[in-house]
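Here is how the chains run, residue by residue.
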Amino acid sequence: MKPNDDIAFLTMMGIAAMLLLFVGFLLVFIFMQRKKMGYQKSIQALRETQQNQLIEAAVRSEEEERHRIAEALHDEVGAILSSAKLHFQDIREDNLDAQTRMRYKKGEELLGEAVIKIRDISHNLHSSILKEFGLNEAISHFMTRLTKDGMIRSTVSFDDHAPIRITANDMSIYRLVQELINNIIKHARASNINIRTFSAGGSFHLTIFHDGKGLTQQQYEELRFRKEGLGLKTIQNRIISLKGEVSFSKEPNGYYIRLHIPSV
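Residues numbered from 1 in each chain as written. Predicted model: local features only at pLDDT ≥ 70, side-chain atom pairs only at ≥ 80, totals over all residues. Heavy atoms only, no water.

Trainee: Teacher, can you tell me more about the overall build of the protein here?
Mentor: What the protein contains, in helices and strands, is seven helices and five strands. Reading the helices (α) and strands (β) of the protein from amino to carboxyl end gives α-α-α-α-β-α-β-β-α-α-β-β. Counting only residues that meet the buried cut, the protein has 31% of its 264 residues in that class. Of the contacts made within the protein by residues no fewer than 6 positions apart, 64% connect residues no fewer than 24 positions apart. (Helix = DSSP H or I, 4+ residues; strand = E, 2+ residues; numbered from the N terminus. Buried < 20%, exposed > 50% of the residue type's maximum accessible area, 1.4 Å probe, protein only. Contact = heavy atoms within 4.5 Å.)

Trainee: Before we go on, may I ask you to explain the packing of helix α4 (residues 135-146) against helix α5 (residues 170-188) in this structure?
Mentor: If you want to describe how two helices pack, look at the angle between their axes and the distance between the axes. Contact geometry for α4 and α5: axes closest at 10 Å, N-to-C directions at 25 degrees. As far as their axial angle goes, α5 and α4 are roughly parallel. Pair α4 / α5 crosses with right-handed handedness. Facing α4, whose interface residues are L135, A138, I139, F142, M143 and L146, α5 presents D170, I173, Y174, V177, Q178, I181, N182 and I185. Looking at the contact of α4 with α5, its residues break down into eleven nonpolar, two polar and one charged. (Axes fitted to C-alpha atoms, helices over the stretch in contact; angles between N-to-C directions. Parallel < 35°, antiparallel > 145°, perpendicular 65-115°, else oblique. Left-handed = near helix turned anticlockwise from the far one by under 90°. Nonpolar A, V, L, I, M, F, W, Y, C, P; charged D, E, K, R; others polar.)

Trainee: Would you explain unusual backbone geometry in this entry?
Mentor: The general pattern is negative phi for most residues beyond glycine and trans for most peptide bonds. A positive phi angle is found at R189, which is not glycine, with a value near 55 degrees. Among the structural elements, R189 can be located in the loop between α5 and β2 (192-200). Even without glycine at this site, K243 takes up a positive phi of about 55 degrees. If you trace the backbone, K243 turns up in the loop between α7 (230-242) and β4 (245-251). Here K243 falls in the exposed class, since its relative accessible area comes to 58%.

Trainee: When you look at the nonpolar core in this model, what are you seeing that I'm missing?
Mentor: One broad trend across soluble globular proteins is that nonpolar side chains are buried collectively. The biggest cluster of nonpolar side chains holds 33 residues, and the ones touching the most others in it are I181 and I208. If one sorts the elements of this core by residue count, α5 sits on top with nine residues. The residues contacting I208, other than those within four sequence positions of it, are L180, I181, I184, I193, N194, I195, Y255, Y256 and I257. (Core = buried A, V, L, I, M, F, W, Y, C linked by side-chain atoms within 4.5 Å.)

Trainee: How should I be thinking about the pattern of salt bridges in this particular structure?
Mentor: Any two side chains of opposite charge can pair if their charged atoms end up close together. According to the stated counting rule, one finds one salt bridge in the structure shown. With a closest N to O distance of 3.0 Å, E251 and R258 form a salt bridge. Owing to a relative accessible area of 28%, E251 belongs among the partly exposed residues under this scheme. (Salt bridge = Lys/Arg side-chain N within 4 Å of Asp/Glu carboxyl O.)

Trainee: Just to check I follow, could you spell out the sheet that holds strand β5 (residues 254-262) for this structure?
Mentor: Across a sheet, paired strands are connected by hydrogen bonds in the backbone, their directions being either parallel or antiparallel. Pairing is mixed across the open sheet formed by five strands, whose spatial order is β1-β2-β3-β5-β4. Two strands lie at the open edges of the sheet, namely β1 (153-158) and β4, each paired on one side alone. Geometrically, the sheet is characterised by an average inter-axis angle of 15 degrees between neighbouring strands, direction not taken into account. For β2 and strand β3 (residues 203-210), the ladder comprises eight bridges, and the chain directions are antiparallel. In the strand pairing of β3, N194 is matched with F209. Along the sheet, α4 contacts β1, β2 and β3; its crossing angle with β1, the most-contacted strand, is approximately 175 degrees. Sheet contacts for α5: β2, β3, β4 and β5; angle to β3, the most-contacted strand, approximately 10 degrees. (Pairing = 2+ DSSP bridges.)

Trainee: Help me out: how do you make sense of the packing of aromatic side chains in this one?
Mentor: Here a ring pair, both rings aromatic, is described through the centre-centre distance and the interplanar angle of the planes. According to the stated counting rule, one finds three aromatic pairs in the structure shown. With centroids separated by 6.2 Å and ring planes inclined at 75 degrees, the aromatic side chains of F142 and Y174 adopt a geometry described as edge-to-face. Here Y174 lies in helix α5 and F142 lies in helix α4, a separation of 32 residues in the sequence. Given a relative accessible area of 2%, F142 falls into the buried group. Assessed through its relative accessible area of 2%, Y174 is described here as buried. Ring plane angle 25 degrees and centroid distance 4.5 Å describe the contact between Y220 and F248, whose orientation is recorded as stacked. With Y220 in helix α6 (residues 217-223) and F248 in strand β4, the pair connects residues that are 28 residues apart, well separated along the chain. As far as burial versus exposure is concerned, Y220 and F248 are alike and both buried. Residue placement shows R196 over the ring face of F198; its charged tip is 4.5 Å from the ring centre. (Phe/Tyr/Trp six-rings, centres within 6.5 Å; stacked < 30°, edge-to-face > 60°. Lys NZ or Arg CZ within 6 Å of the ring centre and 35° of its normal.)

Here it is in structure tokens:
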């Protein structure tokens, strides 16, 4: 072999070795990057799982506190107010002068309103109708009580042909609907509210329509991260605990809120 051939051969061997070394480093780098990305994904999944568990625990704790307050209102405060009302009824009005009688009437009226308010709050916090008759009836009853003064008109429509049975989530869905409707009444100044529930693809769907001032999806995404958007944070936490989705949209006839909850 000639010297020039030897040099060429050695040069080619050197280049081949450098290429192999480079490819080796490249493969190791790709492997390490994939391993790093896999580790980061695992950490992110773990964080999301922990966050969801914390949210679920907070929702459960909130529900337990609601039940405790509801029982205290009904059993203690409600009993005291009812007893006070009985004492009022024992007073003989004919022994009172005109001014005192007027004050007595007003006091009895306010006391009666307080008894009704306590009962309504207790029912809202601890819905016995939900446990006895199910989600649809609880939503219907809630809307009837909320709009009984006639200032807001409401309709509720259920899919009777496809019964929805997701009892493990009923309470959370009911609280979610309460929060959404309360937000509409508080902020939207709506005249009409319509609720429709149906099942499709093995999942629960609920649509709320109103003709007031509502939110688009973009506005919802912006507002729920603000300090003053506590109600929207509560809604988002309940959606996460239900593993569902919520969307807000503006359409020609008004605003729509759509919930999609997978069945369990």
